[in-house]
Amino acid sequence: MGLLVESKDGGGGGGRNGGQGSWRFFTRRKRVDSPTISNNSSQALLAKELTVPNLMAIGVGATIGAGVYVLVGTVAREHSGPALAISFLVAGLAAALSAFCYAELASRCPSAGSAYHYSYICVGEGVAWLIGWALILEYTIGGAAVARGITPNLAALVGGADNLPFFLSRQLIPGIDIVVDPLAVIIIFIITGLLCVGIKESTMVQSVVTSVNICVLVFVILAGGYLGFKSGWVGYELPTGYFPFGVDGMLAGSATVFFAYIGFDAVASTAEEVKNPQRDLPLGIGGSLFLCCGLYMMVSIVIVGLVPYYAINPDTPISTAFADHGMQWAAYIINAGAFTALCASLMGGILPQPRILMAMARDGLLPPFFSDIDKRTQVPVKSTIVTGLVAAVLAFTMEVSELAGMVSVGTLLAFTVVAISVLILRYIPPDEVPLPPSIRESSDSVSTSYIWSSLETDEKDTAANVGTSRNKKPLVIEEDASVDDPLTAKDFASGNYLHEGNRRSVVGWVIALTCVGVFVLTYAASDLTLLSSVRFALCGVGGILLLSGLVFLTSIDQDDARHNFGHSGGFICPFVPLLPIACILINSYLLINLGADTWARVSIWLAIGLLVYIFYGRTHSALKGTVYVPTTQVDDTYRTSTSCLA
């Protein structure tokens, strides 16, 4: 059987991508790896060594940092009071919305890159670059900030900064007023070297360190529970009641502690190294989130019960609470837990970034240097070393705590785009995929041979089939050429407002307008400087767009092509479209409330990224000049080209 290939025009070229000056390259999308592609790919892959316990160790280690040893005191005093555990529960449920979306995409698209990879497949190259660039900023600053906090915790463990050796203690450089932190650099170099040894070895160490941290938290829960029953839980016997700051205060506390759950995306970044991604990735993401939420809540219940919320020490809430009940020695155990938590969090922060750099380099958006995988260890050693060096320089010379707010931008942007990707996957999954040049060339040669053979053997039949061939859809389509969607959706009862000819366009606009409505609603609700009439009007417009989009998507069928999208048999996100839209709403609200200073700093970084993309990524993209084939025929194309070349 011959392959029908669309001939190339030597002119300016049409299609959706347009000419060289068009900005449509932002919408180029890559395909999901399938067994057919994987078997034909010469690209080096990471070692498949991880199982569910390894993934949970990565997720818990990246999530539970030393912040929990401080966060419970600050949030209880300023926002939640005795209702701190409810704040952690609400924040955990909000994080679970994103976790559900991550779990489906991770099992369907098990490759390195996490949110960058998913957005490149579902949304397009421009948004994928934005997410990847923002995640680079997140992991760089986040890792440096965590490393910078190790020295004070180690000093507390050994009895004070004066007890640290000179080469490990912070030093003020005279003349330039910079406080350098050599211990942070040493820890980063150790972790970087460990990550270069291999994913199995580094994960084993991560498991040990995380286990120590969990044991310390279990000690806090058990010993604190004993003290609480012994003392009568004085923190709950207050005249102000369980909600001294009201429900609004409890919700404000939830928004603050939400960022204590953002480590599970590190699990998704290791998707390519998981032995059974369809089963293990959802379990790893869900299990780590469930364990973290349970530990957070039980620690909160104990601490706010031991000490009245207004008397909690905001800097050392847990150790001070134990000291107030005559257990000063417990401070050493708690400080040890904080130290191990920071080390586990640092390892979980450095681990994902080399894999994101590798994924972007594989796609041509970054230099190929970052995509090299060591043949012996099967990890991206070069990317890991670069990541460690940059984090070490920042941690050594900068007080990066002022930049910590920038970490949240990358996470929330990734969460938002992942939720949008789930909507796209369910309602308008990509119906055409790029064809690698090698397969395209073989397809062209096969088609040419078939045509000449047909002309030589049966000229009359060939002439008779000319008219029918024009009515066939070409198997190979020029870049971004449109393809009719063969799938139908459930029509409205009132008529044919939605049919197979306009379905994809209509649903795409509905998803886009729903996101616009979310942004308008959250912005108007958050900006108190607007006139009340303007705020109410914008809230009304945003609410109408949001509810209309939700009703529309609920009333139509999801696309049947979703069943064949990517790797099947994995986790399926429930309550679509309600759950992804709620996820978009929560993350958009948190993004808008990060503050003008944070957005000003992030905007500079994103502007730099835009320039890098325009002058390098756009012209070196692996999808530049590619052709697309209908999704339903791509596997046949691979099989045909492979059999003909054999």
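Residues numbered from 1 in each chain as written. Predicted model: local features only at pLDDT ≥ 70, side-chain atom pairs only at ≥ 80, totals over all residues. Heavy atoms only, no water.

Looking up the chain in an unreviewed UniProt entry gives the name Cationic amino acid transporter C-terminal domain-containing protein, with the organism given as Lupinus angustifolius. Database annotation for the chain, UniProt heading Sequence similarities (unreviewed entry): "Belongs to the amino acid-polyamine-organocation (APC) superfamily. Cationic amino acid transporter (CAT) (TC 2.A.3.3) family." (UniProt positions renumbered as here; feature names shortened; annotations may be inferred.)

Looking now at the nonpolar core. Residues Y69, Y102, F258, I318, F322, L346 and L553 are the most contacted members of the largest nonpolar core, which totals 168 residues. If you tally residues by element for this core, the top one is helix 17 (residues 405-427), at 16 residues. Those residues within four positions of Y69 in sequence are excluded, and the remaining contacts are N213, V216, L217, D315, P317, I318, I334, G337, A338 and A341. (Core = buried A, V, L, I, M, F, W, Y, C linked by side-chain atoms within 4.5 Å. Buried < 20%, exposed > 50% of the residue type's maximum accessible area, 1.4 Å probe, protein only. Helix = DSSP H or I, 4+ residues; strand = E, 2+ residues; numbered from the N terminus. Contact = heavy atoms within 4.5 Å.)

Moving on, we get to the pattern of salt bridges. Under the criterion given, the structure shown has eleven salt bridges. Of the charged contacts, one joins E125 and R28 as a salt bridge, the two residues approaching to 2.7 Å between their closest N and O atoms. With a gap of 97 residues between them, E125 in helix 6 (residues 125-148) and R28 in the segment before helix 1 (35-40) connect regions that are remote in the sequence. In terms of burial, E125 and R28 fall into one category: buried. Of the charged contacts, one joins D280 and R279 as a salt bridge, the two residues approaching to 2.7 Å between their closest N and O atoms. D280 gets classed as buried once you look at its relative accessible area, which sits at 1%. (Salt bridge = Lys/Arg side-chain N within 4 Å of Asp/Glu carboxyl O.)

As a further point, take the packing of helix 5 (residues 115-122) against helix 6. Orientation of helix 5 relative to helix 6, taken along the N-to-C sense of each, is 170°, at an axis distance of 7 Å. Judged by the inter-axis angle, helix 5 sits roughly antiparallel to helix 6. On helix 6, the residues that touch A115, Y116, S119 and Y120 of helix 5 are E125, V127, A128, W129, I131, G132 and L135. Broken down by class, the residue content of the contact of helix 5 with helix 6 amounts to eight nonpolar, two polar and one charged. (Axes fitted to C-alpha atoms, helices over the stretch in contact; angles between N-to-C directions. Parallel < 35°, antiparallel > 145°, perpendicular 65-115°, else oblique. Nonpolar A, V, L, I, M, F, W, Y, C, P; charged D, E, K, R; others polar.)

Moving on to the packing of aromatic side chains. Two descriptors summarise a pair of aromatic rings, namely the distance from one centre to the other and the angle between the planes of the rings. In the structure shown here, the tally under the stated rule is 24 aromatic pairs. For the pair W129 and Y613, a centre-to-centre distance of 5.7 Å together with 35° between the ring planes defines the contact as tilted. You can see W129 sitting in helix 6 and its partner Y613 sitting in helix 24 (residues 596-620), a full 484 residues away along the chain. Aromatic pair Y309 and Y310: ring centres 5.4 Å apart, planes at 80°, arrangement edge-to-face. With relative accessibility at 10%, the residue Y309 sits in the buried group. Chaining the aromatic ring pairs together yields one cluster made of Y102, Y118, F258, F259, F264 and F415. (Phe/Tyr/Trp six-rings, centres within 6.5 Å; stacked < 30°, edge-to-face > 60°.)

On to a nonpolar patch on the surface, then. There is a patch of nonpolar side chains on the surface, built from F166, F167, I186 and I190 and spanning about 450 Å² of accessible area. Looking at the element boundaries, F166 is found in the loop between helix 7 (150-157) and strand 1 (171-173). (Patch = residues over 30% accessible without salt bridge, like charges linked within 9 Å, V, L, I, M, F, W, Y side chains within 5 Å. Areas by Shrake-Rupley, 256 points an atom, 1.4 Å probe, with all protein chains shown as cover.)

Bringing the pairing of strand 4 (residues 627-630) into the picture now. Of the two faces of strand 4, the one carrying V627 and V629 and the one carrying Y628 and P630 are both buried. Alignment of strand 3 (residues 432-435) against strand 4, held across four bridges, turns out to be antiparallel. Bridged to L435 within strand 4 is V627. (Pairing = 2+ DSSP bridges.)

This part is about the side chain of S588. Positionally, S588 belongs in helix 23 (residues 578-592). Residue S588 is classed as buried on the basis of its relative accessible area of 13%. A distance of 2.7 Å separates the side chain of S588 from the backbone oxygen of I584, its partner in a polar contact. Setting aside chain neighbours within four positions, we find S588 in contact with T416, V518 and T522. (Polar contact = N/O pair within 3.5 Å; in protein donor to acceptor, adjacent residues only side chain to side chain.)

Bringing the state of the cysteines into the picture now. Put plainly, a disulfide is one covalent bond tying together the sulfur atoms of two cysteines. Summed over the entire model, instances satisfying the criterion amount to zero disulfides. No disulfide involves C293; its sulfur sits 8.8 Å from that of C292, the nearest cysteine. (Disulfide = S-S within 2.5 Å.)

Further remarks concern the confidence of the model for the chain. In this model, the chain carries an average pLDDT of 83, and 82% of its residues clear a pLDDT of 70 or more. Scored below 50 in pLDDT, residues 34-40 shows ten contacts in the model against residues more than four places distant or in partner chains. Across residues 446-495, where pLDDT falls below 50, the model places 84 contacts with residues more than four positions away in sequence or in other chains. (pLDDT = per-residue confidence, 0-100.)

Right, let's get into unusual backbone geometry. With an omega of 15°, the peptide bond between V576 and P577 qualifies as cis. When you line up the elements, P577 lands in the loop between helix 22 (532-555) and helix 23. Phi angles above zero are rare outside glycine, and F575 is one such case at about 55°. Note on placement: F575 falls in the loop between helix 22 and helix 23.

Moving on: the packing of helix 8 (residues 182-197) against helix 14 (residues 330-350). Packed helices, taken two at a time, are described by the angle their axes make and the gap between the axes. Following both chains from N to C, one finds helix 8 and helix 14 inclined at 55°, their axes separated by 10 Å at the closest point. In terms of their interaxial angle, helix 8 and helix 14 are classed as oblique. Helix 14 is crossed by helix 8, and the crossing has right-handed handedness. Residues I187, I188, I191, T192, L194 and L195 of helix 8 pack against C343, L346, M347 and I350 of helix 14. In terms of residue class, the contact of helix 8 with helix 14 is made up of nine nonpolar, one polar and no charged. (Left-handed = near helix turned anticlockwise from the far one by under 90°.)

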